[in-house]
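Each chain, letter by letter, is given below.
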Amino acid sequence: MEKNLKVLGIESSCDETGVALVQVQGRALPTLLADALYSQIEMHQAYGGVVPELASRDHIRRVLPLTEQVLAASGQTLADVDVVAFTRGPGLAGALLVGAGVACALGAALNKPVLGMHHLEGHLLSPFLSADPPEFPFVALLVSGGHTQLMRVDGVGRYTLLGETIDDAAGEAFDKSAKLLGLSYPGGPALSKLAEAGDPTAFKLPRPLLHSGNLDFSFSGLKTAVMVQAKKLAAVQGGVVSALPAIVLANLAASTQAAIVEVLVKKSLTALTQTGLNRLVVAGGVGANRMLREQLNAACAKRRVRVHYPELHLCTDNGAMIAMAAAMRLQAGQQTASKVYAFDVKPRWPLDLL
Ligand code: KG4
Ligand code: ZN
């Protein structure tokens, strides 16, 4: 691999179009030159969730203007790009095809190689873009809208799955519970905001698999428990959950968040004990949750475990993490970019099969 490279990264797996330019210089940790993001959240809010066809169409509209924005902000031109990386999966097939198609078209036009990246590897390596980057090896808690996994990470591309959800992801538990409480999509930030005014011990909600002894998660029962509880409370006053008194809704939100956070914290600590590692990296959208951060910080401080997070704005989907993961893979010699522009995408793609 050449010593110095500029890697353009394109993320389009779900409802955020992200583009970024990362620079590799020798063996030093790659650095972010510029990034730009367009979130489609407002568009999907009207439907209560992501509409895949609308997401794909919007990625088409956004990706080239965002690329121009990144190049302008970094003072570079397309001719300065050495490698074009894109999210190959997992994600929405149509949305992924937009990023892959644009990346391969750019690569072909510029005669530069392309590299298809794993979205979760992007999340996993995103804390390396922070001011306090981790060192290998570490335990990673990957908590996004579609995934909840604990991984042992020994280096770039060296990932061992320790445990994962057997049904809903943590982000999904936030989103689905929020919807039941009448909150808008995406539910995670909305539910945690509502929870600030509530009592986390007000309702006894299940902590699925808390004492299972393994590192797997299950969140689908929690959503059902929230629904049963909310309907029971609402039944006495016409059955409309969102019309419950504000304090009741806040208590339900706080109790839901507390249940999710307790399981995530407990399992992360168990993973650290089982692996004997003393470093934890949290990544993915739910990693932005304040209660999760506070409780992990407190628990890890007690055990002299260092905990690392991505910058808040890089917790949710973005192009920087894709450009960074590609840069780190190329630098580590894990992968080479190729000038084969016939692309495919992998809507389902387990990270440990990478
Ligand atoms: O990583 P991400 O942006 O997309 C996926 O790859 O899925 O994660 C999105 C998920 C959503 O479920 C969203 O509700 C959740 O992250 N999320 C949060 C917070 N911010 C985003 N969940 C809890 N608290 C937050 N502050
Ligand atoms: Zn994501």
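See the structure above.
Described in the following lines is the structure provided in the data block. (Residues numbered from 1 in each chain as written. Chains lettered and ligands numbered in written order. Predicted model: local features only at pLDDT ≥ 70, side-chain atom pairs only at ≥ 80, totals over all residues. Heavy atoms only, no water.)

1. Quick word on the site of ligand 1
Of all residues adjacent to ligand 1, which total 19 residues, the nearest are Gly145, Asp175, Gly188, Gly285 and Asn289. Asn289 is positioned such that a nitrogen or oxygen atom in its side chain is 3.0 Å from a nitrogen atom of ligand 1. Within the backbone of Asp317, one N or O atom sits 3.1 Å away from an oxygen atom of ligand 1. Look at ligand 1: alone it shows 560 Å² of surface, and the protein chains cover 88% of it. Of all the secondary structure elements, the ones that give two or more residues to the shell around ligand 1 are α4 (119-125), α5 (170-180) and α6 (187-195). Each of domain 1 (4-126 + 315-353) and domain 2 (133-309) gives at least three residues to the shell around ligand 1. (Near = heavy atom within 4 Å. Polar contact = N/O pair within 3.5 Å; in protein donor to acceptor, adjacent residues only side chain to side chain. Areas by Shrake-Rupley, 256 points an atom, 1.4 Å probe, with all protein chains shown as cover. Helix = DSSP H or I, 4+ residues; strand = E, 2+ residues; numbered from the N terminus. Domains from an automatic or database assignment.)

2. Considering the nonpolar core
In terms of nonpolar packing, the biggest core is built from 51 residues, with Phe219, Leu264, Leu280 and Val282 touching the most fellow members. Looking at this core, the elements with two or more residues in it are β6 (138-143), α5, α6, α7 (220-235), α8 (246-275), β9 (279-283) and α9 (290-302). Counting residues per element, this core draws most heavily on α8, which supplies 15 residues. If you look at the next biggest cluster of nonpolar residues, it comprises 35 residues, including Ala20, Val156, Ala323 and Met328. (Core = buried A, V, L, I, M, F, W, Y, C linked by side-chain atoms within 4.5 Å. Buried < 20%, exposed > 50% of the residue type's maximum accessible area, 1.4 Å probe, protein only.)

3. Let's talk about the pairing of strand β7 (residues 148-155)
With 6 of its 8 residues buried, β7 lies for the most part within the structure. The antiparallel hairpin formed by β6 and β7 contains 4 residues in its connecting segment. As paired elements, β7 and strand β8 (residues 158-164) share 6 bridges and run antiparallel to each other. Across the sheet, the residue bridging to Arg152 is Thr160, located in β8. Between β7 and β8, which follow one another and run antiparallel, lie 2 residues, and Gly157 among them has a positive phi close to 80°. (Pairing = 2+ DSSP bridges.)

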